[in-house]
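Descriptive structure summary
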Amino acid sequence: MAKDLVKTLADLKEKEALKIVEDRLRGGEDPLKILDDARRAVEIVGKRFADGEYFIPELVYSGEILKAITDMAKPKIAKGAEVKRAGKVIIGTVAGDIHDIGKDIVVFMLDVNGFEVLDLGIDVPAQKFVDKIKESGAPIVGLSGFLTLAFDSMKETVEAIKSAGLRDKVKVMIGGGQIDDQVKVYAGADAYGKDAMAAVTLAKGWIGG
Amino acid sequence: MEKKWEEMSSDERQEANLQKWVSAEGVKFVSPQAEKAYKERATRLKDAIQMKKLPDRVPVFTTYGFFPAVYAGFTPQEVMYDYDKCNIAWKKYVLDFAPDAHVGAVVPGPGKLFDILDYKLYSWPGHGVAPKYGYQCIEGEYMKADEYDAFIEDPSNFYSNIYLPRIFGALQAFTAFHIADVLEMYGAGFNFIPFGLPPVQAAYKALFEAGAEALKWVGFIGAHAAEIAANGFPAFWDGPAKAPYDMIGDTLRGTKGIMMDMYRQPDKLLKAMEVMAPLVVKNAVAGVKASGVPIVPVVMHKGADGFLSDEQYKKFYWPTFRKVLMGLIAEGIVPYGFVEGGYNSRLEIIRDLPKGKVIWFLDRTDMAKAKKILGNVACIGGNVPPGLLAIGTPQQVKDYVKKLIDTCAKDGGYIVGNGTVIEEAKPENIHAMIDFTKEYGVYKK
């Protein structure tokens with residue numbers, strides 16, 4: 001019997017997991033079904049991280065394996081077939097700050113947990129967040145920042161959202177390096193998350209998924 | 001009769017180094033008061049480090065990035081390019097706030113040199129970040145996953161022919177050539193062909209210009225340190241070292257790269273760190289010899305809580321890091337661990353070092369726990385959050401420092417300090433941190 005992809009990937013057995021995917025694709029299985037298994041496996045990785053069994057290397061490694069699996073499966077996905085998404089989340093590192101490692105892990109964990117993530121990248125001006133909220137109607141905005149300079153940029157971003165009349169339409173979560181509850185109050189955000197799984201929990205609490 | 005250096009134990013070497021630092025040999029003080037203050041400050045820090053004698057009060061030491069520039073009314077960009085402005089700002093910081101020691105003016109770095117060499121490791125003001133912000137590291141795989149063998153077999157060649165051309169755009173021509181593997185008289189001329197090629201000559205021209213700028217800059221660094229010392233403030237760090245895991249993770253393989261390597265090629269990673277450890281020690285010892293400051297900062301990044309499991313920390317981070325620390329200790333140098341992030345799960349592990357030989361400046365670690373576990377072997381400090389200094393009130397800062405002193409200061413071995421470097425802060429909060437320590441931190445004997 002073929003080994004279970006969910007378990008193999010959740011246990012981070014890279015070679016075995018890729019072999020299973022290869023075999024299943026060769027057997028003509030629906031690639032979306034395989035990707036869904038892989039996604040569920042990474043959800044387990046996230047849970048193990050939240051439980052203190054896994055750490056950041058395991059999150060990052062699972063992301064790499066998932067990327068390889070996606071690359072294998074993607075060419076075989078029929079056009080038009082799409083995965084249903086729970087809700088939209090806008091994410092970006094705020095103006096002046098160019099750090100992306102933490103943000104990328106948050107983007108990845110939100111993505112595998114079913115959210116459609118609109119990643120604006122690094123050093124994102126406040127107006128760009130405002131424009132994206134208008135354009136996408138996303139109900140959640142995540143602001144990332146590693147340095148203390150991010151405190152003011154986060155505050156300015158929340159103020160820009162407010163000035164645009166959009167503050168009651170979105171929930172704002174912040175995270176990164178020196179961010180804590182005091183900064184949350186300072187910036188006028190709704191919540192602070194200490195890691196990627198905290199972001200998932202917050203997003204699920206706000207809009208389900 | 002004085003013992004020769006070779007015959008001294010690490011204890012004796014540390015005492016000799018610190019004694020020399022306290023005695024401020026060759027410093028031309030601006031006044032007898034400045035000399036007295038210098039010696040009191042340095043002695044206070046020495047006592048806190050060595051844990052043999054209770055200091056007169058808890059020392060207070062702040063680390064800062066570009067805050068002094070902004071405080072003096074300059075942009076980070078200005079102080080990176082104009083050494084006079086840098087001197088004004090960094091001096092003003094020390095004289096206005098009067099901490100027990102200063103970090104020197106190395107941090108802003110010579111902007112012009114970065115321009116000349118087209119430095120890729122950082123974005124700096126005017127080059128990828130706005131003039132009002134400090135420089136920020138650009139992570140990348142400057143060493144590829146399949147290049148471990150090249151590094152392990154010949155690190156010097158790896159740096160000069162592979163790494164440097166990648167991190168300095170102006171040195172790209174140095175890729176894939178060096179004078180020779182072997183060279184004898186017959187045919188020697190062939191070996192010098194590359195040096196005639198225009199891109200190589202341009203690279204050398206850039207090196208000469210960078211060298212001239214480096215001399216100008218180091219002259220400023222030395223004069224600045226001398227001026228601050230003359231005013232009564234000892235320098236507290238020089239000649240940096242790092243954990244081999246951070247060396248490879250920060251600027252060779254990148255955060256993601258090194259995490260993948262732990263899974264995909266753990267043996268090569270371990271071997272590379274073994275090769276790296278003595279090189280780090282050698283580099284730091286050279287720095288200390290040049291500056292005379294026997295306290296070496298060891299900025300720590302990727303071993304923090306959450307970044308590795310305890311098993312991974314014990315296998316990948318600690319063994320070669322401990323070798324670096326012991327290598328420095330053997331030379332009588334005091335490693336000053338600047339422990340960014342949380343370190344709660346590592347305290348028991350890093351406890352395994354001789355007493356009174358290192359300083360741990362902790363960022364987001366539980367300080368009561370740190371005192372309990374490390375308190376009788378190592379000097380600890382740090383933990384005042386830069387966020388609190390940026391957006392808190394002086395009263396909140398005082399309350400925080402009071403709690404820290406109440407928790408950690410008992411029996412010495414403790415320095416008040418901030419967690420990560422100060423970039424943005426309210427000046428009144430820094431005053432509150434330093435002045436309150438001076439008032440409340442006096443040891444009653």
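Note that the structure is a prediction, hence the values are computed from the model and not measured.

Definitions and cut-offs
Residues numbered from 1 in each chain as written. Chains lettered and ligands numbered in written order. Predicted model: local features only at pLDDT ≥ 70, side-chain atom pairs only at ≥ 80, totals over all residues. Helix = DSSP H or I, 4+ residues; strand = E, 2+ residues; numbered from the N terminus. Buried ≥ 20, exposed ≤ 12 C-beta atoms within 10 Å, placed from the backbone. Contact = placed C-beta atoms within 7 Å. Nonpolar A, V, L, I, M, F, W, Y, C, P; charged D, E, K, R; others polar. Axes fitted to C-alpha atoms, helices over the stretch in contact; angles between N-to-C directions. Parallel < 35°, antiparallel > 145°, perpendicular 65-115°, else oblique. Left-handed = near helix turned anticlockwise from the far one by under 90°. Pairing = 2+ DSSP bridges. pLDDT = per-residue confidence, 0-100. Domains from an automatic or database assignment. Right-handed = clockwise from strand over helix to strand, strands pointing away.

Secondary structure assignment for chain A yields nine helices and five strands. N-terminal to C-terminal, the α/β element order of chain A is α-α-α-α-β-α-β-α-β-α-β-α-β-α. Counting only C-alpha atoms, chain A reaches 60 × 35 × 30 Å along its principal axes. Each of the 209 residues in chain A was classed as buried or not, and the buried ones make up 47%. Considering only contacts within chain A whose residues lie at least 6 apart along the sequence, 73% involve residues at least 24 apart.

Contacts between chain A and chain B engage 20 residues on the former and 26 residues on the latter. When residues of the side of chain A that touches chain B are traced back to their parent elements, those giving at least two are helix 4 (56-73), helix 7 (149-163) and helix 8 (181-187) of chain A. The element best represented in the side of chain A that touches chain B is helix 4 of chain A, accounting for five residues. Per-class residue counts for the side of chain A that touches chain B are 13 nonpolar, five polar and two charged.

A few words on the packing of helix 1 (residues 10-23) of chain B against helix 2 (residues 32-50) of chain B. Residues and elements named next belong to chain B. It is the contact of helix 1 with helix 2, at a shortest axis distance of 8 Å, that shows an interaxial angle of 155 degrees. Here helix 2 runs roughly antiparallel to helix 1, going by the angle between their axes. Judged by residue contacts, L18, W21 and V22 of helix 1 engage K39, A42, T43 and K46 from helix 2.

All names here are of chain A. For the pair helix 2 (residues 14-26) and helix 4, interaxial distance at closest approach is 10 Å and the crossing angle is 15 degrees. It follows that helix 2 is roughly parallel to helix 4 by the angle criterion. The interaxial crossing formed by helix 2 with helix 4 has right-handed handedness. Packed against helix 2, whose contacting residues are E14, A17, L18, V21, E22 and L25, the element helix 4 presents I65, A68, I69, M72 and A73 at the interface. Grouping the constituent residues of the contact of helix 2 with helix 4 by class yields nine nonpolar, no polar and two charged.

Turning next to the sheet that holds strand 3 (residues 140-144) of chain A. Residue and element names in this part refer to chain A. Pairing is parallel across the open sheet formed by five strands, whose spatial order is 2-1-3-4-5. Across the chains shown, the open sheet's two edge strands, defined by having one partner strand only, are strand 2 (116-119) and strand 5 (191-192). For strand 3 and strand 4 (residues 171-175), the ladder comprises five bridges, and the chain directions are parallel. Residue pairing across strands places I140 opposite K171, the latter belonging to strand 4. Sheet strands touched by helix 5 (residues 101-112): strand 1 (88-93), strand 2, strand 3 and strand 4. Its angle to strand 1, the strand with the most contacts, is close to 170 degrees.

When pLDDT is averaged along chain B, the result is 95, and 100% of the positions lie at 70 or above. Across the assembled chains, the prediction reports ipTM 0.92 with pTM 0.95.

So, on to the domain arrangement of chain B. Residue and element names in this part refer to chain B. Under the domain assignment, chain B is made up of domain 1 (5-107 + 232-440) and domain 2 (108-231). Of the residues lining the interface, 45 residues belong to domain 1; the matching set on domain 2 comes to 32 residues. At the level of secondary structure, the elements contributing two or more residues to the side of domain 1 that touches domain 2 comprise helix 2, helix 4 (76-81), helix 5 (83-97), helix 11 (254-264) and helix 12 (266-291). Here the side of domain 1 that touches domain 2 gets seven residues from one element, more than from any other, and that element is helix 5.

Looking now at the pairing of strand 3 of chain A. All names here are of chain A. Where burial is concerned, most of strand 3 is hidden: five out of the five residues are buried. In this sheet, strand 3 lies alongside strand 1 in parallel orientation, the contact comprising five bridges. Counted as the bridge partner of T93 is S144 from strand 3. Tracing the backbone out of strand 3, into helix 7 and back to the parallel element strand 4 gives a crossover that is right-handed.

Here the focus is the domain arrangement of chain A. Residues and elements named next belong to chain A. Per the domain assignment, the segments making up chain A are domain 1 (5-76) and domain 2 (88-207). Spacing between the C-alpha centres of domain 1 and domain 2 amounts to 27 Å. Each partner contributes to the interface: domain 1 provides nine residues, whereas domain 2 provides eight residues. Elements represented by at least two residues in the side of domain 1 that touches domain 2 include exactly helix 3 (31-50) and helix 4. Residue contributions to the side of domain 1 that touches domain 2 peak at six residues, all from helix 3. Taken together, the residues of the side of domain 1 that touches domain 2 break down into five nonpolar, two polar and two charged.

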